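# Secondary and tertiary structure notes
Here's the letter readout for the chains.
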Amino acid sequence: MDSPTDASSTGALSTDAPVPNVLLVICDTLRVDALSCYAADAPPTPNLDRLAAEGTTFDNAFAVGSWTPPSHGALFTGRYPSETGFAGAWPTLSDDETVLAERFAEVGYATIGIPGPSKMGSPVGLDRGFDEYYEVYEEMAARPSLPYLRQLLTDGFVRRDLFRLATRGNDYYTEIKLEKLRRFVADADAPWFAMANLTTVHAPYWVPKPYMCEETPELSRPFFPLLEEFLPSTVRFDRDDVRPERLFAAADGASATSIAMRQYETGEYLTEAEHSVLRAWYRACVRYLDARLGALFDWLDETGRREETHVVLTSDHGECFGDHRTMYHGYFLHDELLRVPLVLSGPEVPAGERRSDLVSLVDLFDTLCDLAGVPAPEATSGRSLFADGASDASDADTVDAARGAVFAETAVMDERDREAASDVSAETLAAFETGKKSIRTVTHRLERRSDGSERLYDVRTGDEIDEPEVADSLRERLVGTLGEEFVVDVDDEREYSAGVERNLRELGYLE
């Protein structure tokens, strides 16, 4: 496509043509069917619908992993976890890998990264190339604490966050991240590349009161939101078919893997009534996220930046609420976890278009470089989604004209230290620990596991099937792309900072 930017051999940006900004918004844990621009029965998301109307919407976009590390590693490098080794619970990115922000910084962009979970924080190497990497769990002291009180006395940024907490309720740093983003953009004196991961819809499923109570009137919350932080007993849920203690524990997600193991074991750890409440609270989180992003988009409009900015909205993975007997995310490679929203708008992006071809988040590296006129590394495994022929229709047997298949994988894990590990069967524990590799076409999905087993599914019906010829063909393509070996998660017993440990416990990664 025609390039608005010319990156010279010296790394300088050309001033002969407008240079677009790039805003990459990753809505952590956002299911594709949670947006009204994708599903008729989704909660109303008018601001994201507007973004879709102004740009191109991809109906069949897929993540490369079903949780934070492998998905972000692939998005940031344009390469699969099997190629980079960046998979498992706490990987480290090799210095040999080039990340997206480095490429933009090299040609003169100002760059900011705002990670969500600390699993994509600076210790794993995903901060490379960013002028600023705002890790809120490190910057903000624990509430309440003496360091936090000192911050209140000296930092207006922190005081405003406390005011929001006291008057609206906890939004798990959504607004403080967006305020930080606006401040950086307002001060930028060069074209900018910004990445923000928002954990608004990641467990804990909890946003300000009006959104929650509109979804479930049975929920009782105190008039003063700050009371919830110090007196959790002031929050109640009164419905005969729901067990409040188990419901609130599941919504909090602090023991997510153990809850997921127990649900997988019997399929009955949470009842359908309790799942329905969790889904309602998740919808509330989605609506709140849409409102806050709407305010950000309005600000970009009002300050005249929107028309010169490529806005990309996606998710690193979805979420399960009892689907396939699973909860939360990670470990499995179902469509509910891998199919994600992907909307792009801005200069050079067709407006009002919908595309049904299979695309992968591994394609975003090349795509964003292409849109900005920044040269992409030759070693990526993706392709620009707007290059000539990229949107051509493709059947399941065509690989090159358009992406005929998408790939995903998880690492081999050791989950024996989880609280529920001693209570569940060996089969359940193995299901969580085995590494998995998957190839998905428009008709089939083949999954290979590190224990040597395989499963073939018809994605149109969801059924597991036995078609040896199809399996053989898919296996050849899967091995050709992701190789034979599975990435093994390595527990290096690293020490966490207090902020990282707090974040990991809050999001359910530590029990």
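Everything that follows concerns the structure shown earlier in this document.
The sections below set out a description of the structure shown in this document. (Residues numbered from 1 in each chain as written. Predicted model: local features only at pLDDT ≥ 70, side-chain atom pairs only at ≥ 80, totals over all residues. Heavy atoms only, no water.)

A word on the pattern of salt bridges. Here the structure, examined in full by the defined rule, presents 42 salt bridges. E447 serves as the salt-bridge partner of R445, at 2.9 Å between the closest nitrogen and oxygen. The residues R445 and E447 share a single accessibility class, namely buried. Several salt bridges converge on common partners, so that one network encompasses R50, E54, D298, D301 and R306. (Salt bridge = Lys/Arg side-chain N within 4 Å of Asp/Glu carboxyl O. Buried < 20%, exposed > 50% of the residue type's maximum accessible area, 1.4 Å probe, protein only.)

We now examine helix α13 (residues 272–302). Taking 1.5 Å per residue, 31 residues should reach 45 Å; α13 reaches 45 Å between its end C-alpha atoms and fits that length. Counting buried residues along α13, 22 of its 31 residues qualify, which places the element largely inside the surrounding structure. Note on α13: the residue one or two positions beyond its end, G304, has a positive phi of about 75°. (Helix = DSSP H or I, 4+ residues; strand = E, 2+ residues; numbered from the N terminus. Expected span 1.5 Å × (residues − 1).)

Now for the side chain of T174. Residue placement: T174 occurs in helix α8 (residues 174–187). On the accessibility criterion, T174 (1% relative accessible area) is buried. Engagement of the side chain of T174 in a polar contact is seen with the side chain of T200, the distance being 2.7 Å. Contact partners of T174, with chain neighbours within four places excluded, come to L198, T200, Y288 and R292. (Polar contact = N/O pair within 3.5 Å; in protein donor to acceptor, adjacent residues only side chain to side chain. Contact = heavy atoms within 4.5 Å.)

The sheet built from five strands is open, its strands ordered β16-β17-β18-β19-β20 with antiparallel pairing. In the strand order of this sheet, the two ends are held by β16 (406–410) and β20 (463–464), each with one partner. Direction of pairing for strand β17 (residues 436–440) relative to strand β18 (residues 444–449): antiparallel, over a ladder of five bridges. Paired with I439 across the bridge in β18 is L446. Against the sheet, helix α17 (residues 468–482) engages β16, β17, β18 and β19 (454–458), with an angle of about 60° to β18. (Pairing = 2+ DSSP bridges. Axes fitted to C-alpha atoms, helices over the stretch in contact; angles between N-to-C directions.)

Of all hydrophobic cores here, the largest spans 138 residues; its most connected members are F104, Y205, L278, W281 and L293. Top contributing element to this core by residue count: α13, with 15 residues. If near-sequence neighbours (up to four positions away) are discounted, F104 is found in contact with V22, Y109, T111, F193, L368, C369, A372 and V374. In this structure, V64, A74, L446 and L474 belong to the second largest nonpolar core, which totals 13 residues. (Core = buried A, V, L, I, M, F, W, Y, C linked by side-chain atoms within 4.5 Å.)

Between R143 and the following residue, P144, the backbone shows a cis peptide bond with an omega angle of -10°. Across the junction of A203 and P204, the peptide omega takes the value 10°, indicating a cis bond. Position of P204 relative to the elements: it lies in the loop between β6 (192–198) and α9 (209–215). One non-glycine residue, Y173, lies in positive phi territory at about 70°. Phi at Y331 is positive, roughly 75°, even though this residue is not glycine. Turning to its location among the elements, Y331 is positioned in the loop between β11 (327–328) and α14 (335–338). Judged by relative accessible area, Y331 falls into the buried class, the value being 10%.

A word on a nonpolar patch on the surface. A cluster of nonpolar side chains, namely F223, F224, L227, F230 and L231, defines an oily patch on the protein surface of about 560 Å² accessible area. Among the secondary structure elements, L227 is positioned in helix α10 (residues 226–230). (Patch = residues over 30% accessible without salt bridge, like charges linked within 9 Å, V, L, I, M, F, W, Y side chains within 5 Å. Areas by Shrake-Rupley, 256 points an atom, 1.4 Å probe, with all protein chains shown as cover.)

Below, the discussion takes up the sheet that holds strand β14 (residues 353–355). Judged by pairing direction, the sheet is mixed, and its eight strands sit side by side in the order β5-β4-β6-β1-β9-β13-β2-β14 without closing on themselves. The open sheet terminates on both sides in strands that have one partner only, identified here as β5 (132–133) and β14. Pairing between strand β1 (residues 21–27) and strand β9 (residues 309–314): six bridges, direction parallel. Paired with L24 across the strands is V312, a residue of β9. Packed on one face of the sheet, helix α2 (residues 68–77) meets β1, β5, β6 and β9 and runs near 165° to β1. In the packing of helix α15 (residues 364–372) onto the sheet, the strands contacted are β1, β6, β9 and β13 (342–345), and the crossing angle to β9 comes to about 165°.

Considered for burial, the residues of helix α1 (residues 46–54) that qualify are N47, L48, L51 and A52. Along the axis of α1, the buried positions cluster into a sector of 145°, meaning they face one direction only. In the core, the buried residues of α1 are packed alongside β2 (56–58), α13, β9 and β13. (Arc of directions from axis to C-beta.)

Here we take up the packing of aromatic side chains. Under the defined criterion, the tally for this structure stands at 22 aromatic pairs. Between Y264 and F332, the aromatic rings sit 5.3 Å apart at their centres with planes inclined by 20°, giving stacked as the arrangement. Residue Y264 is located in helix α12 (residues 256–266), and its partner F332 is located in the loop between β11 and α14; the two are separated by 68 residues in the primary sequence. The same class applies to Y264 and to F332, which are both buried. Sitting over the face of the ring of F157, K180 holds its NZ or CZ atom 5.8 Å from the ring centroid. If you follow R246 out to its NZ or CZ, it ends over the ring of Y269, 4.0 Å from the centre. (Phe/Tyr/Trp six-rings, centres within 6.5 Å; stacked < 30°, edge-to-face > 60°. Lys NZ or Arg CZ within 6 Å of the ring centre and 35° of its normal.)

Moving on, we get to the pairing of β17. Here β17 lies mainly inside the structure; five of its five residues are buried. Across the two faces of β17 the burial is the same, with K436, S438 and R440 and K437 and I439 all buried. Where β16 meets β17, five bridges bridge the pair, whose relative direction is antiparallel. Paired with V406 across the strands is R440, a residue of β17. Here β17 hands over to β18 after three residues, the two strands then running antiparallel side by side.

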